[in-house]
Amino acid sequence: PDPSDNIQNTPKLLADHLKVTGGKVVTRFPPEPNGYLHIGHAKAMHLDFGYAKKMGGKCYLRFDDTNPEKENQEYIDSIIDSVKWLGHEPCEITYSSQYFDELYDLAIELIKRGFAYVCHQTAPEIAEGREKMTDSPYRNRSVEENLKLFDDMRQGKFEEGKAILRMKGDMKHPNPCMRDLIAYRIKYHHHPVSGDKWCVYPSYDYTHCLVDSIENITHSLCTLEFEIRRLSYNWLIDVLGLYRPVVWEYSRLNLTHTVLSKRKIITLVQNNFVSGWDDPRLSTLNAFRRKGYTPEAINLLCETVGVTRTNNTTIPFEVLEYCCRQDLDGRAIRAMCVFDPIKVVITNYPENESEEISAPNIPSNPEKGTHKIDFSRIVYIDRNDFRMVDNKDFFGLAPNKEILLKYAYNIKCNEVITDETGKVTELRVTYDKDNTTKKVKTIHWVSAPAGEEPAKAEVRLYDHLFKESELGDDWLEKVNPNSLVVIPNALVDKTVKDSKQYDRYQFERVGYFCVDKDSTTDKLVFNRTVSLKENKEK
Ligand code: ATP
Ligand code: MG
Ligand code: MG
């Protein structure tokens, strides 16, 4: 048979296809369950699910699970979780492995049609043959012999690596993907879905196009590195006389200061550069989620970068941070947090009294309401917000200077108490109940009811995991040793008191923060999601 014969078949194939799909768009998002999804996959999902949704069609979540030694249930579960988190709704969750019987039958058909043979070359011999465009000595076996040997492979009569099934393409073809790619290899390995049923597993090149065809995918979207494989994708479907989807390629998402590859992320996790798959410094979706990113922020990034075929575009990390602020500004409730507290005693405030001050939840949106914070004679401000010597650009407090405690009162510093090393330990101030002096600079603060202490919190500040924006082959040597700074004893106002994991706040003047999974009622833990402004120290 000649592959072009498939054209004769096309009207019938199309009619059958339309009968199944009703003419609707069908796409798939096909991750291999060999790691956690990263933000690059968010772009793929945005296209796969997004295009189907826009066209009134449907999209499968398909696990491309043909390498059992690298895949496991933990990855499958986390992928399902991340897909849902981003708001995508698969029409069905499928597995390439659920088609193993069908794929095996198609391999037999492929042998019968003279387009596959069992080969015993070693991996280096195969690579050499491909490079030199020379045929394998096993290439011209009879159909009968190939059928017998393939059956022996399936029955476990060969050791791993001693026999493979190869597609019979064209060893002289200018496109290396036509030079007899591997269809099946032997692996004595338990599979997370099909168990121990098989010891021969189909390759990506063999599986992907056939499962696209079986699932009646209309548009098979993939990243540009697969463009070279489009020829073999089409070839295999055509020689088997099957329905053929349309393949569209688009450019991968790359971000500065990070690595987007499951293999590299695994290396970082396994070598303890980070605490796990969801370490907020990683680029996995779980990491961004733990850090406080919303699905909306990530989808906004995908929207912003759009779909192109320009290769090698690396999006500045700042674009992602911008998208994140855009989303959080209107939804992260304001609270106050002091990283490095100095005690401030308001000498003219009654000793046993306290009051509650009203603060807006979202200043730009009064409809979002207000919350109450405690104010009493003892208040804490950040060490950065005090200087012995003032100057006109300094926004904080200094001796004899008056500033506003945000949402509360003006205070004026009358006395500075230091320890023997000269370190400031306490400030004595007076407050002005009526805030008579307008236009003073404003700082944040934390207080508690009289006789009580404000709640403590641990705050984790993250910098890029890689200081350099573009990474080369020596990326692993470029890990930033100071990518995590822990503030162990910050003080927080009571707004955050009963927070649970993923609750998000804007700490006034400091940044956006999210409650970490390590947080307990005794000790709250916050991750900095993103700073307030781009230029600020990260
Ligand atoms: P990795 O190298 O990180 O393992 P992959 O391409 O092998 O990535 P798959 O699980 O096979 O990962 O990917 C599922 C889908 O996501 C594929 O269609 C793939 O092209 C797409 N994809 C993966 N990485 C990116 C990226 N950085 N940008 C856009 N799409 C991506
Ligand atoms: Mg892959
Ligand atoms: Mg990969």
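An unreviewed UniProt entry annotates the protein as glutamine--tRNA ligase of Dictyostelium purpureum. Recorded in UniProt under Sequence similarities (unreviewed entry), the annotation for the protein is "Belongs to the class-I aminoacyl-tRNA synthetase family." The annotation that UniProt attaches to the protein under Catalytic activity (unreviewed entry) is "tRNA(Gln) + L-glutamine + ATP = L-glutaminyl-tRNA(Gln) + AMP + diphosphate".

Describing the overall build of the protein
Looking only at helices and strands, one finds 12 helices and 27 strands in the protein. The C-alpha atoms of the protein give 31 Å as radius of gyration, which overshoots the globular expectation for 538 residues (24 Å, by more than 25%). With the C-alpha coordinates of the protein rotated into their principal frame, the extents come out at 100 × 50 × 40 Å. Within the protein, the proportion of its 538 residues that are buried is 39%. Residue pairs in contact within the protein that sit at least 24 positions apart in sequence constitute 69% of those at least 6 positions apart.

Some thoughts on unusual backbone geometry
At Met133, a position not held by glycine, the phi torsion is positive, near 60°. As for its position among the elements, Met133 is in the loop between helix H5 (123–132) and helix H6 (143–154). Of note in this structure, Asp180 is not a glycine but carries a positive phi near 50°. The exposure class of Asp180 is buried, given the 24 C-beta atoms found within 10 Å.

Comments concerning the sheet that holds strand S3 (residues 93–95)
Taking strand neighbours across the sheet as the criterion, the 3 strands line up as S1-S2-S3 in an open arrangement whose pairing is parallel. What marks the edges here is a single partner per strand, and that holds for strand S1 (26–29) and S3. On average, adjacent strands in this sheet sit at an angle of 35° to one another, irrespective of strand direction. Where S1 and strand S2 (residues 58–63) come together, 4 bridges link them in parallel fashion. Bridging across to S2, Arg28 finds its partner in Tyr60. Relative to the sheet, helix H2 (residues 39–54) contacts S1 and S2, its axis offset from that of S1 by approximately 160°.

Some details on the nonpolar core
In globular proteins that are soluble, nonpolar side chains generally tend to be buried together. Ranked by internal contacts, the top residues of the largest apolar core, which has 80 residues, are Ile298, Cys337, Tyr380, Ile381, Trp445 and Val492. When residues in this core are grouped by element, the largest group, 7 residues, is from H2. One finds Leu106, Leu210, Val211 and Leu240 within the second-largest nonpolar core, a separate group that totals 38 residues.

Some remarks on the site of ligand 1
Around ligand 1 sit 14 residues in total, of which Pro31, Gly40, Ala44, Thr223 and Lys262 are the nearest. Sorting the residues of the shell around ligand 1 by element identifies H2 and strand S8 (219–223) as the ones contributing at least two each. Split into classes, the residues belonging to the shell around ligand 1 amount to 6 nonpolar, 4 polar and 4 charged.

Considerations on the sheet that holds strand S7 (residues 200–202)
In spatial order, the strands read S4-S5-S6-S7; together these 4 strands make up an open sheet with antiparallel pairing. The sheet terminates laterally at strand S4 (116–119) and S7, the two strands that pair on one side only. On average, adjacent strands in this sheet sit at an angle of 20° to one another, irrespective of strand direction. With 4 bridges connecting them, S4 and strand S5 (residues 164–167) associate as antiparallel partners.

Points about the packing of helix H4 (residues 100–112) against H6
Following both chains from N to C, one finds H4 and H6 inclined at 155°, their axes separated by 9 Å at the closest point. Relative to H6, the element H4 lies roughly antiparallel. Here H4 and H6 pass one another in a crossing that is right-handed. Contacts between H4 and H6 involve Ala107, Ile108, Ile111 and Lys112 on the former and, on the latter, Val143, Asn146, Leu147 and Phe150. Considering only residue class, the contact of H4 with H6 consists of 6 nonpolar, 1 polar and 1 charged.

Considerations on the environment of Leu224
You can see Leu224 is positioned in the loop between S8 and helix H8 (230–239). For Leu224, a count of 15 C-beta atoms within 10 Å translates into the label partly exposed. In this structure, the C-alpha to C-alpha distance between Leu224 and Arg252, residues 28 residues apart in sequence, is 7.0 Å.

Quick notes on helix H3 (residues 73–85)
Between its terminal C-alpha atoms H3 stretches 18 Å, which fits the 18 Å expected from 13 residues at 1.5 Å a residue. Where the residues of H3 are buried, they touch H2, S2 and helix H10 (285–291). Phi for Gly87, located one or two positions after H3, is positive at around 90°.

Observations concerning the packing of H2 against helix H11 (residues 295–305)
Geometrically, a packed helix pair is captured by the angle between its two axes and the distance between the axes. It is the contact of H2 with H11, at a shortest axis distance of 9 Å, that shows an interaxial angle of 70°. As summarised for this structure, H2 and H11 are arranged roughly perpendicular, according to the angle between their axes. Crossing of H2 over H11 shows right-handed handedness. Contacts from Ile39, Ala42, Lys43 and His46 in H2 reach Ile298, Asn299, Cys302 and Val305 in H11.

Remarks on the pairing of strand S9 (residues 246–250)
The sheet contact formed by S8 and S9 spans 5 bridges and is parallel. Within the sheet, the bridge partner assigned to His219 lies in S9 and is Val246.

What about the environment of Glu225?
Secondary-structure assignment places Glu225 in the loop between S8 and H8. Spatially, the C-alpha atoms of Glu225 and Tyr250 are 9.0 Å apart, while their sequence positions differ by 25 residues.

Rules and cut-offs
Residues numbered from 1 in each chain as written. Chains lettered and ligands numbered in written order. Predicted model: local features only at pLDDT ≥ 70, side-chain atom pairs only at ≥ 80, totals over all residues. UniProt positions renumbered as here; feature names shortened; annotations may be inferred. Helix = DSSP H or I, 4+ residues; strand = E, 2+ residues; numbered from the N terminus. Rg over C-alpha atoms; globule rule 2.2 N^0.38 Å. Buried ≥ 20, exposed ≤ 12 C-beta atoms within 10 Å, placed from the backbone. Contact = placed C-beta atoms within 7 Å. Pairing = 2+ DSSP bridges. Axes fitted to C-alpha atoms, helices over the stretch in contact; angles between N-to-C directions. Core = buried A, V, L, I, M, F, W, Y, C linked by C-beta atoms within 7 Å. Near = placed C-beta within 6 Å. Nonpolar A, V, L, I, M, F, W, Y, C, P; charged D, E, K, R; others polar. Parallel < 35°, antiparallel > 145°, perpendicular 65-115°, else oblique. Left-handed = near helix turned anticlockwise from the far one by under 90°. Expected span 1.5 Å × (residues − 1).

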